[in-house]
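The lines below spell out each chain.
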Amino acid sequence: MTALSSRSPRIGIIGTGAIGGYYGLMLARAGFDVHFLLRSEYAAVSQHGLHVNSTVHGQLHLHPVQAYACAADMPPCDWLLVGTKSTGNVDLAPTIAQVAAPNAKVVLLQNGLDVEDSLREHLPASLHLLGGLCYIGVHRSAPGVVEHQALGRVNLGYHSGTAANDEAQQKAIVEEGAGLFHRAGIESQAMANVHQARWHKLVWNVPYNGLSVLLGTGTKAMMADESSRELIQALMAEVVQGAHACGHDIPASYAGQMFTMTETMDDYLPSMYHDHEHKRPLELAAIYARPLAAARAAGCELPRMQALYQALSFIDRHNG
Ligand SMILES: NC(=O)C1=CN([C@@H]2O[C@H](COP(=O)(O)OP(=O)(O)OC[C@H]3O[C@@H](n4cnc5c(N)ncnc54)[C@H](OP(=O)(O)O)[C@@H]3O)[C@@H](O)[C@H]2O)C=CC1
Ligand SMILES: CC(C)(CO)C(=O)C(=O)O
């Protein structure tokens, strides 16, 4: 097992949107050396800093920000937190490779199944790749401004890299990652199986993300209507069925817990709703196409999820 570095690690945020901005700001406020890669919001963040308006922590401001418009200008980072949408993963590997210190750990803070796969094949073999499951409600309201509505936990699981055959090293890496978040006051759990953890997260994202776009509404209205409640429950049951077919046991009670949790939440617009509003591509491959294909390959058809995916594909193609 390789020894973990004792100096404070340098953290790079690749894609400073709602997720990257929130977690990056929290880590920087905890004293970590955090460097932020931005695209369209570079000028605003360089000038005015990053703002988080949080229902949990109040109004937070980070200024100045170590902000970059170009990956080549960033210093080598030990941990890279990727906060871009999964729709851009195929093109992201050169950017990550440019910023990564030797043996760096790259965490994909994204929703969806196996989002790591398309990136892994283009990354240097020496980099460790982890999945990060964010249980949080955040969105951007203006350049450099993030609204934090609820929650915040990040669950981490090892995906691939040179520790693939060394469970003890994987555990040490994942626990080191969780430790960074803990030091910033953020809940984080190590997950033994990242594929299973991604299926778990889909139980919420499959119904609510897609239906928010299709029905044009947030969770409150969906949870108040008998037809949408039935559809949500049926979609959740299909995700659990798909996970089972792929060899991942999700307890039957888990879907019920997610449903009840959403009933108690304030009205919430999932990230796919915001993507549709802003005419950005929807994360349909990660949240729908890939799980559907995995379930089908295991002999399991998920008809309601398939219908939702087809309707969303139409909407996505006509939203440009
Ligand atoms: N928002 C939420 O509450 C949750 C989101 N997630 C998941 O987290 C992921 C990120 O979502 P979210 O933060 O909401 O998305 P955002 O759209 O808010 O953020 C994405 C950011 O990545 C930037 N970006 C994209 N490509 C590049 C690039 N090549 N170089 C530099 N920057 C780039 C975008 O810049 P630009 O402004 O130029 O487009 C944007 O700032 C998604 O997979 C989502 O499903 C998971 C749980 C909750
Ligand atoms: C539902 C929520 C807010 C918490 O599980 C979430 O994680 C998401 O929007 O993806």
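Note that this is a predicted model, so its numbers are computed, not measured.

Draft legend 1. Up close: the pairing of strand β4 (residues 58–62). Judged from the 5 bridges that link them, strand β3 (residues 50–54) and β4 form a sheet pairing that is antiparallel. Opposite Val 52, over in β4, you have Leu 60 as the bridge partner.

Draft legend 2. View of the side chain of Glu 116. For Glu 116, the location among the structural elements is in the loop between β7 (100–109) and α4 (117–120). Setting aside anything within four residues of it in sequence, one finds Glu 116 in contact with Leu 108, Leu 129, Leu 130, Gly 131, His 159, Val 194 and Arg 198.

Draft legend 3. Spotlight on the site of ligand 1. With respect to spatial proximity, 24 residues lie near ligand 1, and among them Ile 19, Ser 40, Val 138, Arg 140 and Glu 283 are the closest. Within the side chain of Lys 85, a nitrogen or oxygen atom sits 2.9 Å from an oxygen atom of ligand 1. A distance of 2.8 Å separates an oxygen atom of ligand 1 from a polar side-chain atom of Arg 140. Contact with the protein chains hides 88% of the accessible area of ligand 1, taken as 900 Å² for the molecule alone. Those elements that place two or more of their residues in the shell around ligand 1 are α1 (18–29) and β8 (128–142). Of all the elements, β8 adds the most residues to the shell around ligand 1, at 5 residues. When the residues that make up the shell around ligand 1 are grouped by side-chain class, the tally is 8 nonpolar, 10 polar and 6 charged.

Draft legend 4. Representation of the site of ligand 2 in the model. Close to ligand 2 lie Asn 111, Cys 134, Tyr 135, Ile 136, Leu 151, Lys 201, Trp 204, Asn 205 and Tyr 268, which account for all nearby residues. Measuring from an oxygen atom of ligand 2, one finds a side-chain N or O atom of Asn 111 at 3.4 Å. Between ligand 2 and Cys 134, the relevant distance is 3.1 Å, taken from an oxygen atom to a main-chain nitrogen or oxygen of the residue. Protein coverage of the free-state accessible area of ligand 2, which is 290 Å², stands at 97%. Elements that contribute at least two residues to the shell around ligand 2 include exactly β8 and α6 (194–215). For the shell around ligand 2, a count of residues per class yields 6 nonpolar, 2 polar and 1 charged.

Draft legend 5. Quick peek at the packing of aromatic side chains. Following the criterion strictly, the structure yields 4 aromatic pairs and no others. Ring geometry for Trp 204 against Tyr 268: centres 5.8 Å apart, planes inclined by 55°, an arrangement best described as tilted. With Trp 204 in helix α6 and Tyr 268 in the loop between α9 (252–264) and α10 (271–277), this pair connects stretches of sequence that are 64 residues apart. Each member of the pair, Trp 204 as well as Tyr 268, is classed as buried. Each member of the aromatic cluster is reached from another via a ring pair, and the members are Tyr 22, Tyr 23 and Phe 181.

Draft legend 6. Fine view of the UniProt feature "domain: Ketopantoate reductase N-terminal" (unreviewed entry) in the protein. This chain's UniProt record puts "domain: Ketopantoate reductase N-terminal" (unreviewed entry) on residues 11–160. With 20% helix and 45% strand, residues 11–160 has end C-alpha atoms that lie 20 Å from one another.

Draft legend 7. Main features of the environment of His 244. Residue placement: His 244 occurs in helix α8 (residues 226–245). Each C-alpha atom, one on His 244 and one on Tyr 42, is 43 Å from the other, the two residues being 202 residues apart in sequence. In contact with His 244, not counting residues within four places along its chain, are Asp 249 and Ile 250.

Draft legend 8. Expanded view of the nonpolar core. Counting residues in each nonpolar core, the largest one holds 62 residues, and the members touching the most others are Ile 96, Val 203 and Tyr 288. Per-element tally for this core: the top contributor is α6, with 9 residues. Ala 28, Leu 60, Leu 109 and Leu 180 belong to the second-largest nonpolar core, a separate cluster that totals 40 residues.

Draft legend 9. Summary view of the packing of α6 against helix α11 (residues 284–297). Two elements in contact, α6 and α11, have axes whose closest approach is 10 Å; the angle formed by their N-to-C orientations is 125°. Taken together, α6 and α11 sit at an angle that is classed as oblique. Between α6 and α11 lies a crossing of left-handed hand. Between α6 and α11, the residues in contact are Trp 199, Leu 202, Asn 205, Val 206, Asn 209 and Gly 210 and Ala 286, Ile 287, Tyr 288, Pro 291 and Ala 294, respectively. Taken together, the residues of the contact of α6 with α11 sort by class into 8 nonpolar, 3 polar and no charged.

Draft legend 10. A look at the pattern of salt bridges. For the coordinates displayed, the defined rule picks out 10 salt bridges. Of the charged contacts in the structure, one is a salt bridge between Asp 275 and Lys 85, with a shortest N-O distance of 2.7 Å. Linking Asp 275 in helix α10 with Lys 85 in the loop between β6 (77–82) and α3 (93–99), this pair joins segments that are 190 residues apart in sequence. Residue Asp 275 is classed as buried on the basis of its relative accessible area, which comes to 0%. Residue Lys 85 is classed as partly exposed on the basis of its relative accessible area, which comes to 29%.

Scoring rules and cut-offs
- Residues numbered from 1 in each chain as written.
- Chains lettered and ligands numbered in written order.
- Predicted model: local features only at pLDDT ≥ 70, side-chain atom pairs only at ≥ 80, totals over all residues.
- Heavy atoms only, no water.
- Pairing = 2+ DSSP bridges.
- Helix = DSSP H or I, 4+ residues; strand = E, 2+ residues; numbered from the N terminus.
- Contact = heavy atoms within 4.5 Å.
- Near = heavy atom within 4 Å.
- Polar contact = N/O pair within 3.5 Å; in protein donor to acceptor, adjacent residues only side chain to side chain.
- Areas by Shrake-Rupley, 256 points an atom, 1.4 Å probe, with all protein chains shown as cover.
- Nonpolar A, V, L, I, M, F, W, Y, C, P; charged D, E, K, R; others polar.
- Phe/Tyr/Trp six-rings, centres within 6.5 Å; stacked < 30°, edge-to-face > 60°.
- Buried < 20%, exposed > 50% of the residue type's maximum accessible area, 1.4 Å probe, protein only.
- UniProt positions renumbered as here; feature names shortened; annotations may be inferred.
- Core = buried A, V, L, I, M, F, W, Y, C linked by side-chain atoms within 4.5 Å.
- Axes fitted to C-alpha atoms, helices over the stretch in contact; angles between N-to-C directions.
- Parallel < 35°, antiparallel > 145°, perpendicular 65-115°, else oblique.
- Left-handed = near helix turned anticlockwise from the far one by under 90°.
- Salt bridge = Lys/Arg side-chain N within 4 Å of Asp/Glu carboxyl O.

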